[in-house]
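Below are the chains, spelled out letter by letter.
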Number of protein chains: 4
Amino acid sequence: MPSHYRLKRRVHFYETDAAGIVHFSWFYRYMEEAEHALWREAGLSIAPRETEAVAFPRVSASFDFHQPLYFEDEFEVNLVVEEITAKTIRYTATVTSGDNHIATGSLTIICVSKKLGEPMKAIAIPAGITDCFQVKS
Amino acid sequence: MPSHYRLKRRVHFYETDAAGIVHFSWFYRYMEEAEHALWREAGLSIAPRETEAVAFPRVSASFDFHQPLYFEDEFEVNLVVEEITAKTIRYTATVTSGDNHIATGSLTIICVSKKLGEPMKAIAIPAGITDCFQVKS
Amino acid sequence: MPSHYRLKRRVHFYETDAAGIVHFSWFYRYMEEAEHALWREAGLSIAPRETEAVAFPRVSASFDFHQPLYFEDEFEVNLVVEEITAKTIRYTATVTSGDNHIATGSLTIICVSKKLGEPMKAIAIPAGITDCFQVKS
Amino acid sequence: MPSHYRLKRRVHFYETDAAGIVHFSWFYRYMEEAEHALWREAGLSIAPRETEAVAFPRVSASFDFHQPLYFEDEFEVNLVVEEITAKTIRYTATVTSGDNHIATGSLTIICVSKKLGEPMKAIAIPAGITDCFQVKS
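Residues numbered from 1 in each chain as written. Chains lettered and ligands numbered in written order. Predicted model: local features only at pLDDT ≥ 70, side-chain atom pairs only at ≥ 80, totals over all residues. Heavy atoms only, no water.

**Q** Mind showing me how you'd approach the overall build of chain A here?
**A** Scanning chain A from N- to C-terminus turns up 2 helices and 8 strands. Viewed in the frame of its principal axes, chain A has a C-alpha envelope of about 45 × 35 × 25 Å. Going through the 137 residues of chain A one by one, you find that 52% of them count as buried. Within chain A, contacts between residues separated by at least 24 positions form 66% of all contacts whose residues are at least 6 apart in sequence. About 5,900 Å² of surface is accessible on chain A, with carbon and sulfur atoms providing 51% of the total. (Helix = DSSP H or I, 4+ residues; strand = E, 2+ residues; numbered from the N terminus. Buried < 20%, exposed > 50% of the residue type's maximum accessible area, 1.4 Å probe, protein only. Contact = heavy atoms within 4.5 Å. Areas by Shrake-Rupley, 256 points an atom, 1.4 Å probe, with all protein chains shown as cover.)

**Q** Can you walk me through the pattern of salt bridges in this structure?
**A** For the structure shown, the criterion picks out 36 salt bridges over all chains. As a salt-bridge pair, B:R9 and B:E15 come within 2.9 Å of each other at their nearest N and O atoms. Judged by its relative accessible area of 0%, B:E15 is buried. Bridged by salt links that share partners, the residues A:R6, A:K8 and A:E76 form one connected network. (Salt bridge = Lys/Arg side-chain N within 4 Å of Asp/Glu carboxyl O.)

**Q** Which parts of the structure should I look at to understand the interface of chain C and chain D?
**A** The extent of an interface is frequently quoted as the accessible surface area lost upon association of the parts. Listed as interface residues are 12 residues of chain C and, on the opposing side, 12 residues of chain D. Note on chain C versus chain D: buried area summed over both sides is about 880 Å², and carbon and sulfur give 69% of it. Between chain C and chain D we count 0 salt bridges in total. Scanning the region where chain C abuts chain D turns up 4 residue pairs in polar contact (both at pLDDT 80 or more). (Buried area = accessible area lost by both parts, 1.4 Å probe. Polar contact = N/O pair within 3.5 Å; in protein donor to acceptor, adjacent residues only side chain to side chain.)

**Q** Would you mind going over the environment of A:V77 with me for this structure?
**A** Residues and elements named next belong to chain A. Mapped onto the secondary structure, V77 falls in strand 4 (residues 74-84). Along the chain, V77 and I110 lie 33 residues apart, while their C-alpha atoms are 21 Å from each other. Ignoring anything within four residues of it in the chain, the contact list for V77 reads Y5, R6, L7, Y30, M31, A34, A93, T94 and V95.

**Q** What's the story with the side chain of D:N78 in this structure? I'm lost.
**A** All names here are of chain D. Mapping N78 onto the fold places it in strand 4 (residues 74-84). For N78, a relative accessible area of 18% corresponds to the buried category. Setting aside its immediate chain neighbours within four residues, N78 contacts H4, Y5, R6, T92, A93 and T94.

**Q** Teacher, can you tell me more about the sheet that holds strand 8 (residues 121-122) of chain D here?
**A** The strands making up a sheet associate through hydrogen bonds between their backbones, and the pairing can be parallel or antiparallel. Residue and element names in this part refer to chain D. Strand order in the open sheet made by the 3 strands is 2-7-8, with antiparallel pairing throughout. In this open sheet, the two strands that pair with only one neighbour each are strand 2 (54-55) and strand 8. As defined by bridge partners, strand 2 adjoins strand 7 (residues 112-113) across 2 bridges and the pair is classed as antiparallel. Counted as the bridge partner of A55 is V112 from strand 7. (Pairing = 2+ DSSP bridges.)

**Q** Can you help me understand the packing of helix 1 (residues 25-41) of chain A against helix 1 (residues 25-41) of chain C in this one?
**A** Axis angle and axis distance: for two packed helices, these are the angle between their axes and the distance between the axes, and together they describe the pair. Across the interface, helix 1 of chain A lies against helix 1 of chain C with an axial gap of 8 Å and an inter-helix angle of 175°. Classified by the interaxial angle, the pair formed by helix 1 of chain A and helix 1 of chain C is roughly antiparallel. Judged by residue contacts, A:S25, A:W26, A:Y28 and A:R29 of helix 1 of chain A engage C:S25, C:W26, C:Y28 and C:R29 from helix 1 of chain C. Here the residues of the contact of helix 1 of chain A with helix 1 of chain C sort into 4 nonpolar, 2 polar and 2 charged. (Axes fitted to C-alpha atoms, helices over the stretch in contact; angles between N-to-C directions. Parallel < 35°, antiparallel > 145°, perpendicular 65-115°, else oblique. Nonpolar A, V, L, I, M, F, W, Y, C, P; charged D, E, K, R; others polar.)

**Q** I would appreciate a short explanation of the relation of the copies chain C and chain A in the present structure.
**A** The two chain copies are connected by a rotation around an axis plus a translation along it. Between chain C and chain A, which share one sequence, the superposing operator has a rotation angle of 180° and an axial displacement of 0.0 Å; the RMSD is 0.0 Å. Considering both components of the superposition, the chain copies are consistent with a two-fold axis. Taking C-alpha positions as reference, the residue of chain C nearest the rotation axis is C:S62, located at 2.0 Å. Looking at chain C, 100% of its interface residues are interface residues in chain A too, so the copies touch through the same face. (Least-squares fit on C-alpha atoms with pLDDT ≥ 70 in both.)

**Q** Looking at this structure, how should I read the relation of the copies chain C and chain D?
**A** At an RMSD of 0.0 Å, chain C and chain D line up after a rotation of 180° and a shift of 0.0 Å along the axis. When the interface residues of chain C are mapped onto chain D, 100% of them again lie at the interface, so the same face is used by both copies.

**Q** Got a minute to help me understand the side chain of B:R9 in this structure?
**A** Within the element layout of this structure, B:R9 appears in strand 1 (residues 4-10). Reaching out from B:R9, the side chain makes a polar contact with the side chain of B:H12 at a distance of 3.4 Å. A distance of 2.9 Å separates the side chain of B:R9 from the side chain of B:E15, its partner in a polar contact. Once you skip the residues sitting within four places of it in the chain, B:R9 turns out to touch B:E15, B:Y30, B:E33, B:D73, B:E74, B:F75 and C:Y14.

**Q** I'm lost on the sheet that holds strand 5 (residues 88-97) of chain C in this one. Help?
**A** What the 10 strands build is an open sheet, ordered 1(A)-4(A)-5(A)-6(A)-3(A)-3(C)-6(C)-5(C)-4(C)-1(C); its pairing is antiparallel. With partners counted over all chains shown, the strands left at the sheet margins are strand 1 (4-10) of chain A together with strand 1 (4-10) of chain C, one partner each. Between one strand and the next, the sheet's axes are offset by a mean angle of 15°, whatever the strand orientation. Packed on one face of the sheet, helix 1 of chain A meets strand 1, strand 3 (58-65), strand 4, strand 5 (88-97) and strand 6 (100-110) of chain A together with strand 3 (58-65) of chain C and runs near 120° to strand 3 of chain A.

**Q** Honestly, the environment of A:C132 in this entry has me stumped. Any pointers?
**A** Residues and elements named next belong to chain A. Relative to the helices and strands, C132 resides in the segment after helix 2 (127-130). Spatially, the C-alpha atom of C132 lies 14 Å from that of T88, the residues being 44 residues apart in sequence. Other than its neighbours up to four places away in sequence, C132 contacts M1, P2, A42 and L44.

**Q** Sorry if this is basic, but what is going on with the interface of chain C and chain A here?
**A** Taken together, the contact between chain C and chain A spans 21 residues of the former and 21 residues of the latter. Of the roughly 1,900 Å² buried between chain C and chain A on both sides combined, carbon and sulfur atoms contribute 57%. In terms of surface lost to chain A, no three residues of chain C exceed C:F24, C:Y28 and C:R29, which account for 27% of the buried area on that side. One can count 12 residue pairs in polar contact (both at pLDDT 80 or more) joining chain C with chain A.

Okay, here's the thing in structure tokens:
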């Protein structure tokens, strides 16, 4: 039952912008990469192809940016499970590169049922999923 | 029955890279934006939400790059229907910015049937679609 | 002296994900598109090619997501200047599609001096820039 | 003196589109990721921060797509140096996932000198770079 995940990554060229640094929109993707790796470590896929009954859209996401990342920089995303409620999971993420503190983020997801032609509807997270994670103590 | 489409666009900051120019991967997206605008002009959506029985994956796409585009440059994508066969449509695209010839591309799409859990299978393009376009003369 | 900007946009196919909706990372780009359009309306470019002495990296950005956007949906981003301090500008953004309230965001940028080989350093926003905007009353 | 590189990767969620498969524009990025990893293996960076005198824009890139990739699929990009001329390098790329042949690509880059405010100008690739690669025999 993992409570966190450390993703190691290197900056790709297409993630940089004309200011010469990683475009800020990429940090939200880095955070999600770490989340999906956490789910895989827990034996799950957040979006399995077979079953589309349940999905986990994001309800809020934020980042504070402290220092820039550059092309080919190696960095880590440390994603932590902060809270699990009946319908939501909240994570925090810290992005570091060596000793440099790059960015601090937060992400909340919600469990919804999906039926073609109907609006998404928030539901309780299946026990088979919440049982796979634990809040970081 | 349109045979071509002229898309006018401006370069967004997140489309540039650390070399200070639009990253080449964006031109394939620009070409597709023009394609979908062409379909809308023909009264169609290339991916309607209601019916997922038919889809149009790309089978080949290429670009030659002549000059760079920069942040906030205004440019045009001129997309032309070059060929319609039983199962495929082939377009060419020229990207210009003022008098500058920026890039020349080509895109071929194929019609497939989609069923959940089954591999995609090439099928004839429905007549209701081919009737909406004509090859540029 | 503009205090806000209304950006009208349509969802591109490449902005959607396998859940069938716009990937959440795109909303931060939509907000930035509106910001750069606001700067153009004020007669400025946020990243002119000639002078690279001053830049405006993002120090924080957040979004709450209320409803999804789908391929080809038309939507608006209403960006508002909320606060201007000596070194920072803070905006809020509301994303709507027809009568639907899609998302609510916030963005803070900071003015830095850029010299090749030196770290970015926060400086006062030049008066020639702050004079071009006003806080929404 | 490497002549090829095998990049192993997994599909990220944000690389998929509403058709449920990787959007075709990503393959050009995958190919470039493999190219930059090849350069690192040769002891080089294709875009070092210190020196901006020389750059390697792309002059043409193409892909034929045979089968789709899905979220979390593991795949390989096998990038091969096919030709080195005075000013250009041409690669081919094959993308596979297990036994499935996914896509076949081609990429040609050119060496240019970069000076702020001047247009890019094609120049001979420095010997210190061409000496680091060999054409696949």
